[in-house]
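Tertiary structure, described
Chain residues, written in single-letter form:
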Amino acid sequence: MRRLAATAILLAAASAARAGPQYVDATGYAASGHDVVAYFDLEQAPPGQSQPAPVRGRESITATYNGAVFAFASEENRDRFLADPEAFAPQFDGHCAYGVAVGGKVPGSPELWRIVDGKLYLNISRRVARTWEEDIPGYLEKASEEWPDLEPAAASADPVPRYRAVGPLSQ
């Protein structure tokens, strides 16, 4: 129980200081233009299984947060985001949760997502996501220890391997 409480404190501290830049890929949008609020309305698959596809946002419905443009599928989702962006923005500025746990700032794929304790986490590859899911609490604890040193560094400029980012819908 103490470990869970310590992890919660570390996670809160890590997400409170959002000084580092958000990961933005070649689309120019955070989460490749996917609606970060919509993830919270999708039914999650159990660990080890593929998650439902993320919902693409629209170019005409956006908000800026943490130096990045986020796209949304509806004005309602944009308004939910604007009311509490930290509740919906991907943790670790959209970088891979496992990568942060092992001391790196690498991109997170919007297709490899999981919500844990009300927070959105992304990973870089299916293999990495499977590894991360084997011990989510342990990796989150490690990531929370690493993040304060990694956060101020530049956002990753690398593309997500084997992922074709298409951005939000134009209409």
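The structure contained in this document is the topic of the report that follows. (Residues numbered from 1 in each chain as written. Predicted model: local features only at pLDDT ≥ 70, side-chain atom pairs only at ≥ 80, totals over all residues. Heavy atoms only, no water.)

1. Quick look at the nonpolar core
- The biggest cluster of nonpolar side chains holds 18 residues, and the ones touching the most others in it are Val36, Tyr39, Phe70, Phe72, Phe81, Trp113 and Leu120.
- Elements supplying a minimum of two residues to this core: strand 1 (58–65), strand 2 (68–72), strand 3 (109–116) and strand 4 (119–123).
- Leave out the neighbours within four places in its chain, and Val36 touches Ala31, Phe70, Ala71, Phe72, Phe81, Phe88, Pro90 and Leu120.
- In this structure, Phe92, Val100, Tyr121 and Leu140 belong to the second largest nonpolar core, which totals 13 residues. (Core = buried A, V, L, I, M, F, W, Y, C linked by side-chain atoms within 4.5 Å. Buried < 20%, exposed > 50% of the residue type's maximum accessible area, 1.4 Å probe, protein only. Helix = DSSP H or I, 4+ residues; strand = E, 2+ residues; numbered from the N terminus. Contact = heavy atoms within 4.5 Å.)

2. A closer look at the pairing of strand 3
- Counting buried positions along strand 3 gives seven out of eight residues, so the element sits mostly inside the fold.
- Bridge analysis of strand 3 against strand 4 gives five bridges, and the strand direction is antiparallel. Bridge pairing in strand 4 links Arg114 to Tyr121.
- Remark: two residues form the turn of the hairpin made by strand 3 and strand 4, two consecutive strands paired antiparallel; Asp117 in that turn has positive phi of roughly 50 degrees. (Pairing = 2+ DSSP bridges.)

3. A few points about helix 5 (residues 126–133)
- All of the buried residues in helix 5 are Val128, Ala129, Trp132 and Glu133. Projection of helix 5 onto a plane perpendicular to its axis shows the buried side chains occupying an angular sector of 135 degrees, all on one side.
- Where the residues of helix 5 are buried, they touch helix 4 (97–101), strand 3, strand 4 and helix 6 (136–150). (Arc of directions from axis to C-beta.)

4. What about the pairing of strand 2?
- In terms of burial, strand 2 is largely enclosed, as four of its five residues are buried.
- Pairing analysis gives five bridges linking strand 1 to strand 2, with the strands arranged antiparallel. Its bridge partner lying in strand 2, Ala63 is registered against Phe70.
- From the end of strand 1 to the start of strand 2, which pair antiparallel, there are two residues, and Asn66 there has a positive phi angle of about 55 degrees.

5. Describing helix 6
- For helix 6, built from 15 residues, the straight-helix expectation of 21 Å at 1.5 Å per residue is met to within 8% by its first-to-last C-alpha distance of 19 Å.
- Of the residues making up helix 6, those classed as buried are Ile136, Gly138, Tyr139, Leu140, Ala143, Ser144, Trp147 and Leu150.
- Near the N-terminus of helix 6, the side chain that reaches the backbone nitrogen of Gly138, with its oxygen 3.0 Å away, is that of Asp135. (Expected span 1.5 Å × (residues − 1). Polar contact = N/O pair within 3.5 Å; in protein donor to acceptor, adjacent residues only side chain to side chain.)

6. Comments concerning the side chain of Gln22
- Secondary-structure assignment places Gln22 in the loop between helix 1 (2–16) and strand 1.
- At 3.3 Å, the side chain of Gln22 forms a polar contact with the backbone oxygen of Asp93.
- In this structure Gln22 touches Ala30, Asn66, Ala68, Phe70, Pro90, Asp93, Gly94 and Ala155, once residues within four positions along its chain are discounted.

7. A look at the pattern of salt bridges
- Counted under the stated rule, the structure contains three salt bridges.
- A salt bridge links Arg78 to Asp79; its shortest N-O distance comes to 3.6 Å.
- By relative accessible area, which is 19% here, Arg78 ends up buried.
- Classification of Asp79 as partly exposed rests on a relative accessible area of 44%. (Salt bridge = Lys/Arg side-chain N within 4 Å of Asp/Glu carboxyl O.)

8. Notes on the packing of helix 5 against helix 6
- Closest axis-to-axis distance for the helix 5/helix 6 pair is 7 Å, and the angle between their directions is 100 degrees. Between helix 5 and helix 6, the crossing angle belongs to the class labelled roughly perpendicular. Every residue of helix 6 that contacts helix 5 at Thr131, Trp132 and Glu133 is listed here: Ile136, Tyr139 and Leu140. (Axes fitted to C-alpha atoms, helices over the stretch in contact; angles between N-to-C directions. Parallel < 35°, antiparallel > 145°, perpendicular 65-115°, else oblique.)

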